[in-house]
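Each chain, letter by letter, is given below.
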Amino acid sequence: MKKWIFSLLLTLSATLHAEPVVVVSASSDVTMLTQDEVRQLFNGLTRRASGVALKPLDLPTKSSERTGFYQQVMGKSAEQMKSYWARMIFTGRGMPPREVSSDREMVMLVGSNRNFIGYVDETKVTPQLKVVYRP
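Rules used throughout
- Residues numbered from 1 in each chain as written.
- Predicted model: local features only at pLDDT ≥ 70, side-chain atom pairs only at ≥ 80, totals over all residues.
- Heavy atoms only, no water.
- Salt bridge = Lys/Arg side-chain N within 4 Å of Asp/Glu carboxyl O.
- Helix = DSSP H or I, 4+ residues; strand = E, 2+ residues; numbered from the N terminus.
- Buried < 20%, exposed > 50% of the residue type's maximum accessible area, 1.4 Å probe, protein only.
- pLDDT = per-residue confidence, 0-100.
- Contact = heavy atoms within 4.5 Å.
- Phe/Tyr/Trp six-rings, centres within 6.5 Å; stacked < 30°, edge-to-face > 60°.
- Expected span 1.5 Å × (residues − 1).
- Arc of directions from axis to C-beta.

### Overview of the pattern of salt bridges
(1) Moving on: Taken as a whole and assessed by the stated rule, the structure comprises 6 salt bridges.
(2) Moving on: The residue Asp-29 makes a salt bridge to Arg-114 at a minimum N-O spacing of 3.2 Å. Residue Asp-29 is found in the loop between strand E1 (20-25) and helix H2 (35-42), and its partner Arg-114 is found in the loop between helix H5 (103-112) and strand E6 (116-121); the two are separated by 85 residues along the sequence.
(3) Moving on: On the basis of relative accessible area, Asp-29 is assigned to the exposed category, the value being 53%.
(4) Moving on: Judged by its relative accessible area of 39%, Arg-114 falls in the partly exposed class.
(5) Moving on: Arg-66 serves as the salt-bridge partner of Glu-99, at 3.0 Å between the closest nitrogen and oxygen.

### Side note on helix H3 (residues 64-74)
(1) Moving on: Considered for burial, the residues of H3 that qualify are Glu-65, Arg-66, Gly-68, Phe-69, Tyr-70, Val-73 and Met-74.
(2) Moving on: Count one or two residues on from H3 and you reach Gly-75, which has phi positive near 70°.

### Description of the environment of Gln-80
(1) Moving on: With respect to the helices, strands and loops of the structure, Gln-80 is situated in helix H4 (residues 78-90).
(2) Moving on: C-alpha separation for the pair Gln-80 and Tyr-70, spaced 10 residues apart in sequence, amounts to 9.2 Å.

### Some points on the confidence of the model for the chain
(1) Moving on: Residues at a pLDDT of 70 or more form 87% of the chain, whose mean pLDDT is 90.
(2) Moving on: Note that pLDDT drops below 50 for residues 6-15; the model gives that stretch 1 contact with residues more than four away or on any other chain.

### Topic: the packing of aromatic side chains
(1) Moving on: Tallied over the full model, the rule gives 5 aromatic pairs.
(2) Moving on: Between Phe-42 and Tyr-119, the ring centres sit 5.9 Å apart and the planes meet at 65°, which makes this aromatic pair edge-to-face. Here Tyr-119 lies in strand E6 and Phe-42 lies in helix H2, a separation of 77 residues in the sequence.
(3) Moving on: For Phe-42, a relative accessible area of 2% translates into the label buried.
(4) Moving on: Consider the rings of Phe-69 and Tyr-119, whose centres lie 3.9 Å apart with planes at 0°: the pair is stacked. Taken together, the positions of Phe-69 in helix H3 and Tyr-119 in strand E6 put the pair 50 residues apart, joining distant regions of the chain.
(5) Moving on: By the ring-pair criterion, three or more aromatic residues cluster together here, those being Phe-42, Phe-69, Tyr-70 and Tyr-119.

### Digging into H4
In an α-helix there are 3.6 residues to a turn, and that puts residues three or four apart on one side.
(1) Moving on: With 13 residues, H4 extends 18 Å between its outermost C-alpha atoms, agreeing within 8% with the 18 Å of an ideal straight helix rising 1.5 Å per residue.
(2) Moving on: Among all positions of H4, only Met-81, Tyr-84, Trp-85 and Met-88 are buried. For H4, the angular spread of the buried residues around the axis is 95°, confining them to a single face. Opposite the packed face of H4, turned more than 90 degrees from it, sit the exposed residues Glu-79, Lys-82 and Phe-90.
(3) Moving on: Backbone geometry just downstream of H4 places Gly-92 in the positive-phi region, at approximately 75°.

Structural data, given as structure tokens:
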């Protein structure tokens, strides 16, 4: 009985803490990205990958998916990214990714536009999305 409960808890824990994945529209020409390419896109250092112009989208500031994405993919905390964008804006070298209101809006926008790139919890990937990077 204890083994069964422990196994169930492990399964639930893995489901609740799924990894963030970087996604584009299923119709996009982008197939795979490296971590460096993802970092450059979300840091505003480039707007193209695999020859395709991409516009990054960000989840709401307080979302756990955003925190996880910044930590696991960008290697920064949410506060470090906020500070980074404050410097970039102040020096006129860039603007942060457009912030969407929810993961639902992220899925809808990325799935319907070949030029958007975003990230979602892997459990939220739909047939309209293509995973191009997994941490």
